[in-house]
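Residue-level structural notes
Below are the chains, spelled out letter by letter.
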Amino acid sequence: MNQRPLSPYLGVYKFMYTMSLSIMHRITGLAAAVGFLALVWWLMALATGPDAYARAMQRLGTPLAKLLLIGFTFSFAYHFCNGTRHLVWDTGRGLERAQARRSGAAVIVAALLFTALTVWLGCRAMAVSP
Amino acid sequence: MSLRTPLGRVLGKGSAGDGVGHWWVQRVTAVALLPLTAWFAISLLGKQLQSYEAMRGWLAQPWVAVFAALLVVTIAWHSKLGVQVVVEDYVHGKGNKTALLLFSTFVHVVAAAAGLFAILRLSLS
């Protein structure tokens, strides 16, 4: 039984960095889903009234919440950029190995830049020091 | 000779029973989310997030409310489809898989309903 051939799975392929980009798309997608729940929670606080909103913003100001918000921001930015990459692939373009590696690097750079910009602007908007 | 029935060929739904519907809706919602999320993220960056009045005043504007509502529904839909794929790929066992898929669907529906309700309350009251 154990000698039967297995269908090819992750273990049989040589590791390429584009593979980690691919699994990152799923991980950031799941993280963005949790971020969406946080967005709904924030909207509900806003709809409840000024006191509830003030309490929600206070909670969002704690170090753990800030860390989570930075994580959600990066996840959204990465999933946005890499999702665009997937949509371009769906049209049949950019599938050559060199192109896919270049676009992968561009996705990482763009996601990090957006996260840094958001953290900087977010800190200013929330009127707290970075 | 094909072993597929004429009806199966006409319906074009394949062995999984739902054809390319899932894949296609995932793409349609993805395309819709590009402008929606970009608009929402960029708008938020310029706002005074600490001010209840400012945030409420912004979200209560008719067009802002309409697009925020579309954003909430489209994210919930896209997210539901995405989480479904991850669960189907990595969670084994019919019981576990079905339970998690049900849970994910309910959470997404509740989130969409709550988000919509919040936006309607902000803009209509």
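Report follows, based on the coordinates. (Residues numbered from 1 in each chain as written. Chains lettered and ligands numbered in written order. Predicted model: local features only at pLDDT ≥ 70, side-chain atom pairs only at ≥ 80, totals over all residues. Heavy atoms only, no water.)

Describing the overall build of chain A
The test is simple: Strands here are runs of E lasting at least two residues and helices are runs of H or I lasting at least four, both read from the DSSP assignment and numbered beginning at the N terminus. When accessible area is computed with a 1.4 Å probe and restricted to protein chains, residues below 20% of their type maximum are described as buried, those above 50% as exposed, and intermediate ones as partly exposed. Residues count as neighbours in contact if any of their non-hydrogen atoms are within 4.5 Å of one another.
The secondary structure content of chain A amounts to four helices and zero strands. N-terminal to C-terminal, the α/β element order of chain A is α-α-α-α. The principal-axis extents of the C-alpha atoms in chain A amount to approximately 65 × 40 × 25 Å. Among the 130 residues that make up chain A, the fraction classed as buried is 32%. Taking the contacts inside chain A whose residues are at least 6 apart along the sequence as the reference set, 69% of them involve residues at least 24 apart.

So, the environment of L70 of chain B
Mapped onto the secondary structure, L70 of chain B falls in helix α4 (residues 62-90). Sequence separation between L70 of chain B and A32 of chain B is 38 residues, and the spatial gap between their C-alpha atoms is 9.3 Å.

A few points about the environment of G61 of chain A
Counting through the fold element by element, G61 of chain A comes out in the loop between α2 (50-60) and α3 (63-90). Along the backbone, G61 of chain A and A116 of chain A are 55 residues apart, and their C-alpha atoms lie at a distance of 18 Å.

Observations concerning the interface of chain B and chain A
We count it as follows: Accessible-area loss on putting two parts together, using a 1.4 Å probe and summing over both, is the definition of buried area adopted here. We define a salt bridge as a contact between a side-chain nitrogen of Lys or Arg and a carboxyl oxygen of Asp or Glu at a distance within 4 Å. Any N or O atom pair separated by 3.5 Å or less is treated as a polar contact, with the protein-specific requirement of one donor-capable and one acceptor-capable atom, and with residues adjacent in sequence counted only for side-chain atom pairs. Classification convention: Asp, Glu, Lys, Arg as charged; Ala, Val, Leu, Ile, Met, Phe, Trp, Tyr, Cys, Pro as nonpolar; all other residues, Gly among them, as polar.
Contacts between the two partners involve 40 residues from chain B, matched on the other side by 29 residues from chain A. When chain B packs against chain A, close to 2900 Å² is buried across both sides, 78% of that on carbon and sulfur atoms. Of all residues in chain B, L45, Q50 and Y52 of chain B bury the most surface against chain A, accounting for 22% of the area lost on that side. Our count for the chain B to chain A interface comes out at two salt bridges. Linking D89 of chain B and R26 of chain A is a salt bridge whose minimum nitrogen-to-oxygen distance equals 2.8 Å. Where chain B meets chain A, there are five residue pairs in polar contact (both at pLDDT 80 or more). The set of elements that each furnish at least two residues to the side of chain B that touches chain A consists of α2 (21-45), α3 (52-59), α4 and α5 (94-124) of chain B. Considering every element that reaches the side of chain B that touches chain A, the biggest residue donor is α2 of chain B, with 12 residues. Here the residues of the side of chain B that touches chain A sort into 28 nonpolar, seven polar and five charged.

Quick notes on the packing of aromatic side chains
Here is the rule: Pairing of aromatic rings covers Phe, Tyr and Trp, the last through its six-membered ring, and needs centres within 6.5 Å; plane angles under 30 degrees mean stacked, over 60 mean edge-to-face, and all others mean tilted.
The full count for this structure, using the stated rule, is 11 aromatic pairs over all chains. An angle of 70° between the planes, with centres 6.0 Å apart, marks the rings of F76 of chain A and F114 of chain A as edge-to-face. Here F76 of chain A, found in helix α3, pairs with F114 of chain A, found in helix α4 (residues 97-125); they are 38 residues apart in sequence, far enough to count as distant. By relative accessible area, F76 of chain A is classed as partly exposed at 24%. Their ring planes at 40° and their centres at 6.0 Å tell us that W39 of chain B and W58 of chain B sit as a pair that is tilted. Here W39 of chain B, found in helix α2, pairs with W58 of chain B, found in helix α3; they are 19 residues apart in sequence, far enough to count as distant. In textbook terms, an aromatic cluster arises when at least three aromatic residues are bridged by ring pairs, as seen for W39, F40, W58, W63 and F67 of chain B.

What to know about the nonpolar core
One recurring pattern in soluble globular proteins: nonpolar side chains tend to sit buried together. The test is simple: The criterion is simple. A nonpolar core is a set of buried Ala, Val, Leu, Ile, Met, Phe, Trp, Tyr and Cys residues joined through side-chain atoms within 4.5 Å.
Judged by nonpolar contacts, the single largest core of 33 residues is most densely connected at F36, W42 and L46 of chain A together with M55 and L59 of chain B. Considering each element in turn, this core owes the most residues, eight residues, to α4 of chain B. Apart from residues no more than four positions distant in its own chain, F36 of chain A is found in contact with V72, I75, A76 and A111 of chain B. Counting residues in each nonpolar core, the second largest holds six residues, with A77, Y78, V107 and A111 of chain A among its members.

Here we look at α2 of chain A
Here is the rule: An arc is given here, and it is the one of the directions from the helix axis to the C-beta atoms.
Taken together, the buried positions of α2 of chain A are occupied by A52, Y53, A56, M57 and L60 of chain A. Along the axis of α2 of chain A, the buried residues cluster in a sector spanning 135°; they form a single face. In α2 of chain A, the exposed residues that point more than 90 degrees away from the buried face are D51, Q58 and R59 of chain A. Of the surrounding elements, those touching the buried residues of α2 of chain A are α1 (17-48) and α3 of chain A together with α3 of chain B.

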